[in-house]
Amino acid sequence: GSLLWAVAAQLRTETGEEMEALTKIPTIMGGSPRGLAAAEIAVIEGRYADAIEDVRRLLPRDGDAPTRDTLSALDVQARALLLRGDASAALEASTAGAEAAESLGYGSLLWRFLAVRARALEATGETDAARREADSARAVFRTLADRIDEPELREWFERQPLAPAP
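In this report, the structure presented in the accompanying data block is examined. (Residues numbered from 1 in each chain as written. Predicted model: local features only at pLDDT ≥ 70, side-chain atom pairs only at ≥ 80, totals over all residues. Heavy atoms only, no water.)

**Looking at the packing of aromatic side chains**
Enumeration over the complete set of coordinates arrives at three aromatic pairs. An aromatic cluster of three or more residues is present, and its members are Trp111, Phe141 and Phe157. Here Arg68 stacks its cationic end above the ring of Tyr106, 5.4 Å away from the centre of that ring. (Phe/Tyr/Trp six-rings, centres within 6.5 Å; stacked < 30°, edge-to-face > 60°. Lys NZ or Arg CZ within 6 Å of the ring centre and 35° of its normal.)

This is how it looks when you write it as structure tokens:
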């Protein structure tokens, strides 16, 4: 369900159209998106402060073992901070996320944290470190993309907003 909300917002943003099917989603899904879905939509729509607030209670707490959900919340937070222009906070969040994602083997989140780190490092003037981080993000991303056999699905994956250039 959450994915449907985010995809609908992305389509609405990319196409600029209010497609009839998208306007029916609140009825189909039974209300408004919450939690991570609401935060993802806020990022897509450029409402970065809302996204940060939406994930605040979902973030890992000191001493808690990271989970897929807490890392997903940290991913949204890092991207929102970067897009809001707070490179140092984005760097801190993406560093914590990358370390946890790598230790848990979550490549699907690791490449995103590395990509945010690369952009945050670039924004803070650390171009050599940014280039190394971008190369790491690209390698993880390519490994994941190469596992997708269906061409249309791979093309969709490769169009992700943070997707590194080939």
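**What to know about the pattern of salt bridges**
This structure, assessed with the given rule, holds 12 salt bridges. Here Arg47 makes a salt bridge to Asp50, at a shortest N to O gap of 2.8 Å. Taking the relative accessible area as the measure of exposure, Arg47 reaches 33% and is therefore partly exposed. Using a relative accessible area of 36% as the deciding quantity, one classes Asp50 as partly exposed. Asp75 is paired through a salt bridge with Arg112; the nearest N and O atoms lie 3.1 Å apart. (Salt bridge = Lys/Arg side-chain N within 4 Å of Asp/Glu carboxyl O. Buried < 20%, exposed > 50% of the residue type's maximum accessible area, 1.4 Å probe, protein only.)

**Considering the nonpolar core**
Of all hydrophobic cores here, the largest spans 42 residues; its most connected members are Ala51, Trp111 and Phe157. Taken together, the elements giving at least two residues each to this core come down to helix 4 (35-44), helix 5 (48-56), helix 6 (68-84), helix 7 (87-104), helix 8 (107-123) and helix 9 (127-146). Broken down by element, the residue count for this core peaks at nine residues, all from helix 8. (Core = buried A, V, L, I, M, F, W, Y, C linked by side-chain atoms within 4.5 Å. Helix = DSSP H or I, 4+ residues; strand = E, 2+ residues; numbered from the N terminus.)

**Description of the environment of Gly107**
Counting through the fold element by element, Gly107 comes out in helix 8. Taking the C-alpha atoms as reference, Gly107 lies 8.8 Å from Thr143; in sequence the two are 36 residues apart. Beyond its immediate chain neighbours, meaning those up to four positions away, Gly107 contacts Val140 and Leu144. (Contact = heavy atoms within 4.5 Å.)

**Things to note about helix 7**
With 18 residues, helix 7 ought to run about 26 Å at 1.5 Å a step, and its terminal C-alpha atoms sit 25 Å apart, in line with that. Listed as buried for helix 7 are Ala87, Ala90, Leu91, Ala93, Ser94, Gly97, Ala98, Ala100 and Ala101. In this structure, the buried residues of helix 7 make contact with helix 6 and helix 8. In the stretch just after helix 7, Gly105 is the one whose phi turns positive, near 75 degrees. (Expected span 1.5 Å × (residues − 1).)

**With respect to the packing of helix 4 against helix 5**
Relative to each other, helix 4 and helix 5 sit at 165 degrees, their axes nearing to 8 Å. Regarding the angle of helix 4 to helix 5, the classification is roughly antiparallel. Crossing of helix 4 against helix 5: the hand is left-handed. The segment helix 4 lies against helix 5, with Gly35, Leu36, Ala38, Ala39, Ala42 and Val43 engaging Tyr48, Asp50, Ala51, Asp54 and Val55. Among the residues forming the contact of helix 4 with helix 5, the class breakdown is eight nonpolar, one polar and two charged. (Axes fitted to C-alpha atoms, helices over the stretch in contact; angles between N-to-C directions. Parallel < 35°, antiparallel > 145°, perpendicular 65-115°, else oblique. Left-handed = near helix turned anticlockwise from the far one by under 90°. Nonpolar A, V, L, I, M, F, W, Y, C, P; charged D, E, K, R; others polar.)

**Quick word on the packing of helix 6 against helix 7**
Two packed helices can be described by the angle between their axes and the distance between those axes. Where helix 6 meets helix 7, the closest approach of the two axes is 8 Å, and the angle between their N-to-C directions is 150 degrees. It follows from the interaxial angle that helix 6 and helix 7 lie roughly antiparallel. For helix 6 against helix 7, the interelement crossing comes out left-handed. Where helix 6 approaches helix 7, its residues Leu71, Leu74, Gln77, Ala78, Leu81 and Leu82 are matched on the opposing element by Ala89, Ala90, Ala93, Ser94, Ala96, Gly97, Ala100, Ala101 and Leu104. Counted by class, the contact of helix 6 with helix 7 contains 12 nonpolar, three polar and no charged residues.

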